[in-house]
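Notes for the structure review
Residues per chain are reported as follows:
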Amino acid sequence: MRNIAGIDLGTTYSALAILNSLGKPQIMPNTDGERLTPSAIFFDEEDAEVIRVGIEAINSRHINPDRAVRWIKRHMGEDFIKTIDGRDWTPTELSALILMKLKQDAENVTGKVHDVVISVPAHFDEVRRKATMEAGSLIGLNVVGIVNEPVAAALYYATSHEVNGKVLVYDLGGGTFDVTIMDVKGHQMDIVCSHGDHKLGGVDFDQAVLKLLEQAYREHYNEELLTTDEDRAKYEDEAEDIKRTLSRRPAAKKMLYGPAGSLKVEITREMFEEAIAPWLARTDILVEVALEEAKLKPEDIDEVLLVGGSTRVPAVRARLEKLFGHEPKTAVNVDECVALGAAIHAGLTVLRENPDEVDAGLVGGLGDVQLTDVCNHSYGTICAPIDRESGRRVIQNRIILKKNTSLPCEETQTFYTMREGQTELAVTVTQGEDSDPEYVNKIATYKFELPPGRAAQQPVKVTYSYDVNQRMHCRFEDVESGKVLEVDFSVDSQGNLKDGAPAEQMEELKVN
Ligand code: ADP
Ligand code: MG
């Protein structure tokens, strides 16, 4: 049987689930016997070829924090580099090491893992999605698609429980926050919209607790608690431990061993809640924005589904209960449902694309699941049309694919060259809603060379499409010559912009 898997590549924890022959996903424990693997890496001090991943890395990082890497997902798609013994590691390569551990540990039990879907936060942009897929391909996984984490969680939820109505998925993990609204009727799920923040999660809460510890020590001894990176690594773990204790009890005690002496501190739930209030306020705003976009009021939401380890914080649950007037659902394991749902998504993808290669049991298990997803951002390009009032050219962002369009979707718009003899176009793919290029993300820029000696106003067809595997494709076609530029969303494709193309030049080169 062909192994189909879902991987939740989390900021703090990762998990892998395999579909059994009946189409039911099951978490594969790692060789340490754990169902979740910490997304942490440690390069051995004696031999950098020896790379520890998971709990071993968490434990070894106290020896030498410089040789440890965590929270890689926060840097996905950025030009972040970790240098170990002169070798530069990109976030994609580091993520591949984590995927390798998950793959090898699963293969020890089930045999070769063939097709996988890797989950990403709903608000991840194209560059981050592509970097995630590349991490899988680097280690020889056949990445058949990418699924948004809240969608994966809801897929698992809807296929294992009776669900009907408007469902809001509140996903607060270690590093990222997502809110997604969807319409569910049994096994038919239609995504309405998503919002999120890729730098908001449990690690911020840990840092908030750590600040409380540092402050307590400073107030008592008038000295700093943390003087080395090793201290920081140690007390980050202590802070996380306090945070978890506060989900069960009203207060947590710790001994601090600083340079001036030891100190016993007590952190109460109230102190903790006050410290994390700014982050929770930010999640409230994102929930509000999502409701507004879906044209819904809190009372229209039939179920709130919790996903992610940080939803265990009692203050998170209390706020949601107050806002929606009913208790959020905790019917599924908040740590495991993303990997489980990603496996279902992988099954659906293989079933759609290679139906002859899957077992009959799997077809029976997944056959009636229907998912309609949407594209999570608006995508456009920069052009320079003539302003009717002033008669001058103004640089503008023109949206081609609109946010929340059902997938798959494709849109084409025609633009025109500006000048006689124009031989280049500065092609930019943007992500965002604003017509002002200043307020949108430029996710790729390219120079598109055109034939010489032509009149102005040559048409250039711009086609954007978004497939059901959550990937975007952009095509620029010079109609007269038939020349085509396909945009590749790699980290490098943002490069030319970072160097900063001067505005005058951009305008000259722009499509009209
Ligand atoms: P990610 O997918 O981003 O790695 P997870 O969904 O696995 O995140 O959640 C991990 C986060 O949840 C960590 O920050 C962890 O400290 C936090 N967490 C786990 N259990 C608890 C708990 N009982 N109380 C508070 N936070 C918790
Ligand atoms: Mg997660």
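Conventions used here
The numbering scheme is per chain: residues are counted from 1 as the chain's sequence reads. Chain letters start at A and ligand numbers start at 1, both assigned in the order the entries are written. The predicted origin of the model limits local features to residues at a pLDDT of at least 70 and limits the giving and counting of side-chain atom pairs to 80 or more, whereas totals for whole chains, interfaces and linings rest on all residues. The side-chain figures draw on all heavy atoms in the structure; neither hydrogens nor water molecules are used. Helix and strand definitions here come from DSSP, where helices need a minimum of 4 consecutive H or I residues and strands a minimum of 2 consecutive E residues; each element is numbered from the N-terminal end. Any residue under 20% of the maximum accessible area for its type is buried, any over 50% is exposed, and the rest in between are partly exposed; the area is computed with a 1.4 Å probe on protein chains only. For this analysis, residues touch if any pair of their heavy atoms sits within 4.5 Å. Where accessible areas are quoted, they stem from the Shrake-Rupley method and a 1.4 Å probe; at the residue level, only the protein chains shown are allowed to cover. When charges are counted, Lys and Arg contribute as positive and Asp and Glu as negative, whereas His and the chain ends are disregarded. A single reference atom marks each charge: NZ on Lys, CZ on Arg, CG on Asp, CD on Glu. pLDDT is a residue-level measure of predictor confidence that goes from 0 to 100. If even one non-hydrogen atom of a residue comes within 4 Å of a molecule or strand, that residue is called near it. Residues adjacent in sequence count toward polar contacts only when both atoms are side-chain atoms; beyond that, a polar contact is any pair of N or O atoms within 3.5 Å, and within protein one must be able to donate a hydrogen and the other to accept it. The span one expects for a helix is its residue count, reduced by one, times 1.5 Å. Criterion used throughout: strands pair if DSSP finds at least two bridges between them. For helices, the fitted line uses only the C-alpha atoms of the stretch in contact; every axis is such a line through C-alpha atoms, and the angle between N-to-C directions lies from 0 to 180 degrees. Two aromatic rings, drawn from Phe, Tyr or Trp (for Trp, its six-membered ring), form a pair once their centres lie within 6.5 Å of each other, and the interplanar angle then sorts them: stacked below 30 degrees, edge-to-face above 60, tilted otherwise. Consider the ring centre and the ring normal. A charge sits over the ring if Lys NZ or Arg CZ is within 6 Å of that centre and within 35 degrees of that normal.

Quick notes on the overall build of the protein chain
Scanning the protein chain from N- to C-terminus turns up 12 helices and 26 strands. Its C-alpha atoms give the protein chain principal-axis dimensions of roughly 80 × 60 × 55 Å. Expressed as a percentage of the 512 residues in the protein chain, the buried residues total 53%. Excluding contacts between residues fewer than 6 apart, the proportion of contacts in the protein chain whose partners are at least 24 apart in sequence is 67%. Element-wise, carbon and sulfur atoms account for 46% of the exposed surface of the protein chain, whose accessible area totals about 21,900 Å². Charged side chains in the protein chain number 57 positive and 86 negative. The centres of these two groups are separated by 2 Å.

Remarks on the environment of K130
Structurally, K130 is set in helix 3 (residues 126–138). Along the sequence, K130 and K403 sit 273 residues apart, while their C-alpha atoms lie 19 Å from each other.

So, the confidence of the model for the protein chain
The pLDDT averaged across the protein chain works out to 90; a share of 96% of its residues lies at or above 70. Within the protein chain, helix 12 (residues 503–509) has the poorest average pLDDT of any element, 35, and strand 16 (residues 261–268) the best, 98. Overall, residues 494–512 carries pLDDT values under 50, and its contacts beyond four positions in sequence, including any with other chains, amount to 48 contacts.

Points about the site of ligand 1
Around ligand 1 there are 17 residues in total, and T12, G174, E240, K243 and S247 lie nearest to it. The backbone of Y13 places a nitrogen or oxygen atom 2.9 Å from an oxygen atom of ligand 1. At 2.6 Å, a side-chain N or O of S247 approaches a nitrogen atom of ligand 1. Calculation on ligand 1 without its partners gives an accessible area of 580 Å², and the protein chains cover 93% of this total.

A closer look at helix 9 (residues 337–353)
With 17 residues, helix 9 extends 24 Å from end C-alpha to end C-alpha; this agrees with the ideal 24 Å at 1.5 Å per step. Counting buried positions over the 17 residues of helix 9 gives 15, a clear majority of the element.

Description of the sheet that holds strand 18 (residues 370–372)
Strand pairing in a sheet is mediated by backbone hydrogen bonds. Such pairs are either parallel or antiparallel. One open sheet accounts for five strands, arranged 17-12-13-14-18; its pairing is mixed. Since the sheet does not close on itself, it has two edges, and those belong to strand 17 (303–307) and strand 18, each with one partner. Neighbour-to-neighbour, the strand axes of the sheet open up by a mean angle of 25 degrees, direction not taken into account. The pairing of strand 14 (residues 188–197) with strand 18 spans three bridges and is parallel. Residue D190 lies in a different strand from strand 18, and its bridge partner there is T372.

Description of the side chain of D105
Looking at the element boundaries, D105 is found in helix 2 (residues 91–110). Of the polar contacts made by the side chain of D105, one reaches the backbone nitrogen of T31; its length is 3.0 Å. Look past the residues within four positions of D105 in its chain and what remains in contact with it is N30 and T31.

Observations regarding the packing of aromatic side chains
Under the defined criterion, the tally for this structure stands at six aromatic pairs. Their ring planes at 45 degrees and their centres at 5.2 Å tell us that F43 and W89 sit as a pair that is tilted. Of this pair, F43 sits in strand 5 (residues 41–43) while W89 is found in strand 9 (residues 87–89), placing the two residues 46 residues apart along the sequence. Its relative accessible area of 1% is what places F43 among the buried residues. The ring of F124 carries the charged tip of R128 above its face, separated from the ring centre by 5.9 Å. One residue, K234, lies across the ring of Y235, its end atom 4.3 Å from the ring centre.

Notes on the environment of C409
Structurally, C409 can be placed in strand 21 (residues 409–416). Residues in contact with C409, not counting those within four places in the same chain, are L401, Y464, S465 and Y466.

Details of unusual backbone geometry
Here the bond from L407 into P408 is cis, since omega is -5 degrees, no more than 30 degrees from zero. The residue P408 is located in the loop between strand 20 (396–401) and strand 21 in this model. One non-glycine residue, N222, adopts positive backbone phi at about 60 degrees. For N222, the position within the fold is in the loop between helix 5 (202–221) and helix 6 (229–248). Despite not being glycine, K295 has its phi angle at roughly 55 degrees, a positive value.

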